[in-house]
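# What the coordinates show
Now for the letters of each chain:
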Amino acid sequence: MQKPFAKWFLLVLIVVSFANLAAAQGLGTSGSSSDAASSADRLAKLEQQAADAKSSADNAWMLISSALVLMMTGPGLALFYGGLVRKKNVLATMMQSFAMMAIVTVLWALVEYSLAFGAGNSFIGGLHNLFLRGVGAQPDPDYAATIPLQTFMVYQLMFAVITPALITGAFAERMKFSAMALFMILWSLLVYAPMAHMVWGKGGLLNASLGGRFPTLDFAGGTVVHITSGVSALVCAIYLGRRLGYPEEPMPPHSVVLSFMGACLLWVGWFGFNAGSALNAGSLATSAFVATHFAAAAAALGWALAEWVRNGKPSVLGGISGAVAGLVAITPAAGFVGPMPALVIGAIAGVFCYTMVAKVKARLGYDDSLDAFGVHGAGGTIGALLTGVFASSVVNPIFKNSQGVALPSGLIEGNSHQMLNQLVGIVIAWGLAIVGTLVILKVVDLAVGLRVSDDHEVQGLDLSQHGEEGYYWEASAS
Amino acid sequence: MTKVEAVIQTSRLDAVKTALQDIGVEGMTVIEVRGHGLQKGHTEFYRGREYTVDLLPKIKMEMVLPDDLVEKAVQAIAGAARTGKIGDGKIFLSRIDDAIRIRNDERGETAL
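No experiment lies behind these values; they were computed from the predicted model shown.

This part is about helix H4 (residues 149-167) of chain A. The terminal C-alpha atoms of H4(A), which comprises 19 residues, lie 28 Å apart, in line with the 27 Å expected from a rise of 1.5 Å per residue. Taken across its 19 residues, H4(A) has 18 buried, putting it largely inside the fold.

The structure is reproduced here in structure tokens:
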């Protein structure tokens, strides 16, 4: 009884299906144009979604990178420097880094961003982006096509924060807080903003990716950040003079433990600094990340081994100082070199910076308290030169001919002319840093005076400048 | 009454303390100090700069004892603190005129 019913049911089903199919085909032939339109719509929608997805991915990485670079200043650099000074100056030293996080941020919002990245002439940006006017969700394809310009702005801000903070190592333990603050405001406007504009800004004289007159390869700030800060640091150290009692009185670091934590935070933060400088989350970011890490490791070994040979022991402070020196040296090269050249650059930087800090400084007699010049000035310069040697068009085809074919990047690939461009970038960074810093120091000296009084220096800057102590260990406090 | 002052290696503090408690010494004051006698210091290097550290961390123990306990205490300290190397430290003995317990004005050996 059930079998015939099933047969009939199947038959009906087949007939209905055929009828449906015929109807659908009939519809298809009659409405083909509207169907094409809808598939074009869908394609456009899909493309938009793909672009949005890439944009979101890039933006996520750039926001994380921005946070990582801020972490380099506080707590990274604050701990690194704070541990190297004497106990009585620990808070004042950390405060100098922290103050940059506040002061430069406000300055950046009001005027500095516009001077660095606004459209302007070859040397400095204009005032079009004053108060961050026009800096919103819309990307600027000249800088980074897939992230909001506001992300680019805040990422670059973190570089503007750490660069002056690096200088504070040179005049640690003897500069007035008021003088330091005034100096840094003027330095940010007169040295950092023009240098950033020349290397990275639209129309900048040294900009390699936007057709500058002397295309200097500086991926993440070897010239902009490290040469300017390191050389300015040297000028500050010489202008202010030595700390009272230097070099007869022993001034060992009061806590290498703090410095160790700071250096390791710097190492991690540097991934944001260098890999983030790809300005997207693509394979170039990976390449820069790898080069950064390898250079740091090789430089830590280089410095520690040099010490081991000279003093018989590899020190912790030597190892971490070497890592920072390697990170400095790889900064301009990070997005242009492969892993093996990164190891070479790191190893050279480790030994070179050790020599600068342990030998050259002692011979010349200046008191660069925390070796801002020996690490950042020297490491940045050697890094900028080695970038010209090792830059590879396979890693990053930055120079192209009119047909879009990649041209050789560095000396080893046969572009010997690049060494000249690197040299121009280095000379401009040194020159701007020396002249700018001298003028600013003179002005600040006349306005408020640079150094604390001898009494205050002996007492320590924590008490004399801030009225507090880093370690309150007296029995009465319990 | 005799004051016993012993400067010892920091690493021997627990052994000396136990040895003193074993012979019935009931109170002591321990201070972390720096100093050197015959033992020379050492050198440290920070970024290539050499620092000579000649004052080394030591432990100074002070206790005032009734006279019958002094010789036993000296032997206990010397026995527990000795490693046989330069830097083991010294023990100083000096007479004490009087002692006063702040809580109840007891004086002399009863105040110890």
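We are not done yet, so read on.
Residue and element names in this part refer to chain B. Bridge count for strand E1 (residues 2-8) against strand E5 (residues 56-65) is seven bridges, and the pairing is antiparallel. For Ile8, the partnering residue across the bridge sits in E5 and is Ile59. Two elements, strand E2 (residues 29-35) and E5, share seven bridges in a ladder whose sense is antiparallel. Each residue of the ladder has a partner; that of Val30, found in E5, is Met61.

Looking now at the nonpolar core. If you look at the biggest cluster of nonpolar residues, it comprises 151 residues, and the most contacted ones within it are A:Ala295 and A:Ala299. When near neighbours in sequence (up to four residues on either side) are disregarded, A:Ala299 contacts A:Gly322, A:Ala323, A:Ala325, A:Gly326, A:Ala329, A:Gly346, A:Ala347, A:Ala349 and A:Gly350. If you look at the next biggest cluster of nonpolar residues, it comprises 15 residues, including B:Leu20, B:Val25, B:Met61 and B:Ala81.

Turning next to the confidence of the model for chain B. In this model, chain B carries an average pLDDT of 93, and 100% of its residues clear a pLDDT of 70 or more. On the interface metric, ipTM, the complex scores 0.72, and its pTM is 0.86.

Turning next to the interface of chain B and chain A. Taken together, the contacts link six residues of chain B with twelve residues of chain A. The element best represented in the side of chain B that touches chain A is strand E3 (residues 42-46) of chain B, accounting for three residues. Residues belonging to the side of chain B that touches chain A are distributed by class as follows: three nonpolar, one polar and two charged.

Here we take up the sheet that holds E5(B). Residues and elements named next belong to chain B. On the basis of which strands lie adjacent, the open sheet formed by four strands has the order E2-E5-E1-E6 and antiparallel pairing. Unpaired on one side and paired on the other, E2 and strand E6 (89-95) mark the two borders of the sheet. The average undirected angle you get between the axes of adjacent strands in this sheet is 20°. Those strands touched by helix H2 (residues 67-81) are E1, E5 and E6, and its axis lies near 5° from that of E1.

All right, on to helix H10 (residues 339-364) of chain A then. Residues and elements named next belong to chain A. Look at H10: 36 Å from first C-alpha to last across 26 residues, which is about the 38 Å you get at 1.5 Å a residue. Its axis deflected by about 35° at Met356, H10 carries its strongest bend there. Positive backbone phi, approximately 85°, marks Gly365, located one or two places after H10.

Residues and elements named next belong to chain A. Axis separation between helix H5 (residues 177-200) and helix H12 (residues 417-447) bottoms out at 9 Å; the angle between their running directions is 155°. One finds that H5 runs roughly antiparallel with respect to H12. Crossing angle aside, the handedness with which H5 passes H12 is right-handed. Note on element contacts: H12 touches H5 through Gly425, Ile428, Ala429, Leu432, Ala433, Gly436, Thr437, Ile440, Leu441, Val443, Val444 and Ala447, opposite Ala179, Leu182, Phe183, Leu186, Trp187, Leu190, Val191, Pro194, Met195, Met198 and Val199. Partitioning the contact of H5 with H12 into residue classes produces 20 nonpolar, three polar and no charged.

Reading the values: rules and limits
- Residues numbered from 1 in each chain as written.
- Chains lettered and ligands numbered in written order.
- Predicted model: local features only at pLDDT ≥ 70, side-chain atom pairs only at ≥ 80, totals over all residues.
- Helix = DSSP H or I, 4+ residues; strand = E, 2+ residues; numbered from the N terminus.
- Expected span 1.5 Å × (residues − 1).
- Buried ≥ 20, exposed ≤ 12 C-beta atoms within 10 Å, placed from the backbone.
- Pairing = 2+ DSSP bridges.
- Core = buried A, V, L, I, M, F, W, Y, C linked by C-beta atoms within 7 Å.
- Contact = placed C-beta atoms within 7 Å.
- pLDDT = per-residue confidence, 0-100.
- Nonpolar A, V, L, I, M, F, W, Y, C, P; charged D, E, K, R; others polar.
- Axes fitted to C-alpha atoms, helices over the stretch in contact; angles between N-to-C directions.
- Bend = angle between axes of the 7 residues up to and from the residue.
- Parallel < 35°, antiparallel > 145°, perpendicular 65-115°, else oblique.
- Left-handed = near helix turned anticlockwise from the far one by under 90°.

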